[in-house]
Amino acid sequence: MKVPSRLPAGPWRSPLRGPWLTSVFGLVLLLGIPLLFVTGLLSYAAYNPGLSPLNDKTPGKGLLGLYLFSWPTHPYWLYRLTQGIHVTLGVVLVPVLLAKLWSVVPKLFTLPPVRSPGHALDRLSLLLLVGGGIFEFVTGLLNVQLDYVFPGSFYPLHFYGAWVFVGAVLAHVALRMPQVVRALRSRDFRAELRTPTSRTKPEPAAESGLVSTHPAEPTMSRRGALGMVGLGSFVLFLVTAGQSIGGPLRATALLAPHGRQPGDGPNGFPVNKPAATAHVRPQDIGENWRLTVRGATGQSVTLTLDQLRRLPQHGSALPIACVEGWSTENQHWQGVRLRDLAALVGHAIDPPGVFVESVQLAGSFRAVALRANQVRDGRSLLALRVNGAELSPDHGRPARIVVPDAPGVMNTKWVRQLTFGATDFEERA
Ligand SMILES: Nc1nc2c(c(=O)[nH]1)N[C@H]1C(S)=C(S)[C@@H](COP(=O)(O)O)O[C@H]1N2
Ligand SMILES: [Mo]
């Protein structure tokens, strides 16, 4: 069958469109997407999906959960790093993704839509590729910027979507690799960077179906197009990365959803959800507040804040690192070790995991499950103080969890009850 070698005259007349330019954008995505995928899988594992009621409830997580492992508590900054990379890279790749879609857009409208069974499969993989890619980027960006606006939980959507998307990427790479190699060899990258608009000519029309039959006069060189995309990515980096890298870059993090200057003083670091938004009433965290600690042993104790303060106090310097990519520098937390609290209810040796519940009556993140390795780490605290001061109401007064290397969401604020060795997490949530 004869494949039309050029596109019909139509709205898609840019002389820049062609296999070389598409392949350059594709190559950048091919380097970035595996890193997004791996850091995403790690983040999913870090959420203790086998335990946590706030996460994916698919029994056994299906086949795709096969890789799951117990997320470590060492090094304490690992989640901050992997999730910072995941979110920053995702944002930075947006211009490249858009440019790649722009460069192939005429192909999405070719007629007839299906020419043969092979072509049909190819089109189907493109549908999953484009649909999956847009889905992953859009859900990710919405989660970062707008909180949780999804039907159901973000985690399973983004997780299963990622597998579909990556499957389609693999099929696409396998189908297109020979063409990509040929296209990249067809032009010299450095020569291209020296070619101004006046000398910009369309690529030779091969069978790619990307090159316009009636190309318009160039208004921009390929160098200009690559530069524009690169500049877009760089600017996005500047306005995003500071929320995770911190330091002076925090000042340029204009897109940081939780503000660049979260405040001064010991409690002056970002607040994900203030007490008022979480419907935590002052009376729930005032004089009458009590902590209940229960064990699988059947023992339980109820403690006042003063009694907690009289237990041995320990310090840990740990960051809060949210799934949304923002993180804090290390904060100096002080409080009671989780393993000491386990010992109070009969789990002095080999303490089990713990189910943590907050005074918060409604909304997400009011309960979370921590694994045994997280409880046993001596840096895991029920913190009463931060940076030398009492916790502010927004940071979880009177007591909050901090765990090394855990996603921010595990650091439950306004804690009311700890149940060590609970096995019925699902029902209790
Ligand atoms: N009870 C309760 N604890 C919570 C949350 C919440 O909404 N309710 N948010 C969690 C999330 S998602 C993060 S990232 C951290 C943020 O801690 P911070 O607000 O002190 O910065 O708190 C966690 N603890
Ligand atoms: Mo978070």
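Residues numbered from 1 in each chain as written. Chains lettered and ligands numbered in written order. Predicted model: local features only at pLDDT ≥ 70, side-chain atom pairs only at ≥ 80, totals over all residues. Heavy atoms only, no water.

The chain appears in an unreviewed UniProt entry as Molybdopterin-dependent oxidoreductase from Streptomyces polygonati.

## What about the site of ligand 1?
The environment of ligand 1 is made up of 19 residues, and the closest members are Pro270, Gln360, His395, Arg400 and Lys413. One of the side-chain N or O atoms of Gln360 is found 2.7 Å from a nitrogen atom in ligand 1. For ligand 1, whose unbound accessible area comes to 530 Å², protein coverage reaches 100%. Classifying every residue of the shell around ligand 1 by side-chain character gives eight nonpolar, eight polar and three charged. (Near = heavy atom within 4 Å. Polar contact = N/O pair within 3.5 Å; in protein donor to acceptor, adjacent residues only side chain to side chain. Areas by Shrake-Rupley, 256 points an atom, 1.4 Å probe, with all protein chains shown as cover. Nonpolar A, V, L, I, M, F, W, Y, C, P; charged D, E, K, R; others polar.)

## Some details on the environment of Leu382
Residue position: Leu382 is located in strand 7 (residues 381-386). Assessed through its relative accessible area of 0%, Leu382 is described here as buried. Spatially, the C-alpha atoms of Leu382 and Ser208 are 61 Å apart, while their sequence positions differ by 174 residues. (Helix = DSSP H or I, 4+ residues; strand = E, 2+ residues; numbered from the N terminus. Buried < 20%, exposed > 50% of the residue type's maximum accessible area, 1.4 Å probe, protein only.)

## Here's the deal with the nonpolar core
Ranked by size, the top nonpolar core spans 52 residues in total, and within it Trp333, Leu341 and Leu418 carry the most contacts. Counting residues per element, this core draws most heavily on strand 7, at five residues. Inspection of this core shows a minimum of three residues originating in each of domain 1 (19-252) and domain 2 (282-428). Leu418 has contacts with Leu291, Thr292, Val293, Arg294, Leu341, Val354, Phe355, Val356 and Ile401, leaving out every residue within four places of it along the chain. Membership of the second largest hydrophobic core comes to 23 residues, among which are Leu93, Val96, Leu126 and Val169. (Core = buried A, V, L, I, M, F, W, Y, C linked by side-chain atoms within 4.5 Å. Domains from an automatic or database assignment. Contact = heavy atoms within 4.5 Å.)

## Concerning the pairing of strand 4 (residues 331-337)
Across the seven residues that make up strand 4, a large majority, five, are buried. In this sheet, strand 4 lies alongside strand 3 (residues 314-318) in antiparallel orientation, the contact comprising five bridges. Residue His314 lies in a different strand from strand 4, and its bridge partner there is Gly335. (Pairing = 2+ DSSP bridges.)

## Some words on the UniProt feature "transmembrane region" (unreviewed entry) in the chain
With numbering matched to this structure, UniProt assigns "transmembrane region" (unreviewed entry) to residues 20-47, 85-105, 126-145, 157-175 and 225-245. Counted over residues 85-105, helix gives 90% and strand 0%. Its end C-alpha atoms are 29 Å apart. (UniProt positions renumbered as here; feature names shortened; annotations may be inferred.)

## Focus on the packing of helix 1 (residues 19-46) against helix 7 (residues 222-240)
The geometry of helix 1 relative to helix 7 is characterised by a closest axis approach of 12 Å and an angle of 20° between their N-to-C directions. Between helix 1 and helix 7, the angle falls in the class roughly parallel. In the packing of helix 1 onto helix 7, the handedness of the crossing is right-handed. Note on element contacts: helix 7 touches helix 1 through Arg222, Leu226 and Val229, opposite Trp20, Leu21, Val24 and Phe25. Each residue belonging to the contact of helix 1 with helix 7 can be placed in one class, and the counts come to six nonpolar, no polar and one charged. (Axes fitted to C-alpha atoms, helices over the stretch in contact; angles between N-to-C directions. Parallel < 35°, antiparallel > 145°, perpendicular 65-115°, else oblique. Left-handed = near helix turned anticlockwise from the far one by under 90°.)

## Re the sheet that holds strand 6 (residues 367-370)
The strand order across the open sheet formed by five strands is 2-1-10-5-6, and the pairing between neighbours is mixed. Looking at the sheet topology across the chains shown, the edges are occupied by strand 2 (300-303) and strand 6. Ignoring which end each strand starts from, the neighbouring axes of this sheet average 15° apart. Here strand 1 (residues 291-294) runs beside strand 10 (residues 415-420); their pairing, made up of three bridges, is parallel. When the sheet's bridge partners are listed, Thr292 is paired in strand 10 with Gln417.

## Re the domain arrangement of the chain
By convention, interface size is frequently given as the accessible area that disappears when the constituent parts associate. Domain boundaries assigned for the chain yield domain 1 (19-252) and domain 2 (282-428). Domain 1 and domain 2 are separated by 38 Å when their C-alpha centres are compared. Of the residues lining the interface, 34 residues belong to domain 1; the matching set on domain 2 comes to 32 residues. Summing both sides of the interface, domain 1 and domain 2 together bury roughly 2,900 Å²; the carbon and sulfur share of this comes to 52%. Linking domain 1 with domain 2 are one salt bridge, by the criterion used here. Linking Glu329 and Arg250 is a salt bridge whose minimum nitrogen-to-oxygen distance equals 3.0 Å. (Buried area = accessible area lost by both parts, 1.4 Å probe. Salt bridge = Lys/Arg side-chain N within 4 Å of Asp/Glu carboxyl O.)

## Digging into unusual backbone geometry
That bond from His74 to Pro75 is cis: its omega, -15°, falls within 30 degrees of zero. Topologically, Pro75 is positioned in the loop between helix 1 and helix 2 (78-92). For the peptide bond that leads from Arg397 to Pro398, omega is 5°, which places it in the cis range. Following the sequence through the fold, Pro398 ends up in the loop between strand 8 (389-390) and strand 9 (400-402). Although it is not a glycine, Asn48 adopts a positive phi angle of roughly 50°. Turning to its location among the elements, Asn48 is positioned in the loop between helix 1 and helix 2. Here Asn48 falls in the buried class, since its relative accessible area comes to 3%. Within the chain, Asn387 stands out as a residue other than glycine whose phi angle is a positive 50°. Relative to the helices and strands, Asn387 is located in the loop between strand 7 and strand 8. On the basis of relative accessibility, which here comes to 27%, the residue Asn387 falls in the partly exposed class.

## A few points about a nonpolar patch on the surface
Residues Leu231, Phe234, Val235, Phe237, Leu238 and Ile245 make up a contiguous nonpolar surface patch of roughly 530 Å² in combined accessible area. The biggest single contributor to the nonpolar patch is helix 7, with five residues. Mapped onto the elements of the fold, Val235 is located in helix 7. (Patch = residues over 30% accessible without salt bridge, like charges linked within 9 Å, V, L, I, M, F, W, Y side chains within 5 Å.)

## As for the environment of Ser198
Along the chain, the position of Ser198 falls in the loop between helix 6 (189-193) and helix 7. Taking the C-alpha atoms as reference, Ser198 lies 41 Å from Gln145; in sequence the two are 53 residues apart.

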